[in-house]
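Structural overview
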Amino acid sequence: MTVTEGESGTAAAIFTVTLSSASNQTVTVDFATSDGTATIADNDYLATSGTLTFTTGITSQTITVQVVGDTNLESPESFFVNLTTPTNAAILDGQGEGTIQPDI
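Along each chain, numbering runs from 1 in the same order as the chain's sequence is written. Reporting in this predicted model follows two pLDDT cut-offs: at least 70 for local features of residues, and 80 or more for side-chain atom pairs to be given and counted; totals over whole chains, interfaces and linings ignore these cut-offs and use all residues. As a rule here, side-chain values cover all heavy atoms of the structure and leave hydrogens and water aside.

Moving on: the overall build of the protein chain. Note on conventions: DSSP H or I runs of at least 4 residues are helices, E runs of at least 2 residues are strands, and numbering of each starts at the N terminus. Secondary structure summary: the protein chain contains zero helices and seven strands in total. Counting only C-alpha atoms, the protein chain reaches 50 × 20 × 20 Å along its principal axes. Accessible area is worked out with a 1.4 Å probe on protein chains only. A residue is then buried under 20% of its type maximum, exposed over 50%, and partly exposed in between. For the protein chain, the proportion of its 104 residues judged to be buried stands at 33%. Contacts in the protein chain between residues at least 24 apart in sequence constitute 66% of all its contacts with a sequence separation of at least 6. Accessible surface, the protein chain as shown: approximately 5,600 Å² in total, 48% of it carbon and sulfur. Only heavy atoms enter the contact rule, under which two residues are in contact if any of them lie within 4.5 Å. Here the Shrake-Rupley method, with its probe set to 1.4 Å, supplies the accessible areas, and only the displayed protein chains count as covering residues.

Structural data, given as structure tokens:
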């Protein structure tokens, strides 16, 4: 997923987590961001973590990561959203990559 950062404020990077099929049990999975070339220390994005809960019949949930805009001249940078600790399911692809595209 790619998001243009903007010169100020924040922009939403939205990741979609999808079950391969509907479950008759509640499914949960934990998520957390991690640095790549984009880092929290450089104020490139805001860390986020939590738990997604898929109730019966729900097959898709989203995770929103706020990307912080700036006027720095830089190359595209990346960060990750990692999925862990599933309940009543297995993780097939446990990492999503976000790319921050500078707009200047």
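We now examine the pairing of strand S6 (residues 77-87). For two strands to pair, DSSP has to find at least two bridges joining them. Pairing analysis gives seven bridges linking strand S3 (residues 27-35) to S6, with the strands arranged antiparallel. For Ser-34, the partnering residue across the bridge sits in S6 and is Phe-80. In the sheet, S6 pairs with strand S7 (residues 95-101) via six bridges, with the strands oriented antiparallel. Its bridge partner lying in S7, Phe-80 is registered against Glu-97.

Here Phe-15 shows up in strand S2 (residues 10-18). With a relative accessible area of 8%, Phe-15 lands in the buried category. Setting aside anything within four residues of it in sequence, one finds Phe-15 in contact with Met-1, Gln-61, Thr-62, Ile-63, Val-65, Phe-79, Val-81, Gly-96, Glu-97 and Gly-98.

So, on to the side chain of Glu-77. Inspection of the secondary structure assignment puts Glu-77 in strand S6. Note on Glu-77: relative accessible area 13%, which makes it buried. Excluding residues that lie within four positions of it along the chain, Glu-77 makes contacts with Thr-37, Ala-38, Asp-44, Gly-98, Thr-99 and Ile-100.

Moving on, we get to the side chain of Asp-44. You can see Asp-44 is positioned in the loop between S3 and strand S4 (49-54). Judged by relative accessible area, which is 2%, Asp-44 ranks as buried. At 2.9 Å, the side chain of Asp-44 forms a polar contact with the backbone nitrogen of Thr-39. In the analysis that follows, any N or O atom pair within 3.5 Å is treated as a polar contact, provided that within protein one partner can donate a hydrogen and the other can accept it, and provided that, for residues neighboring in sequence, both atoms belong to side chains.

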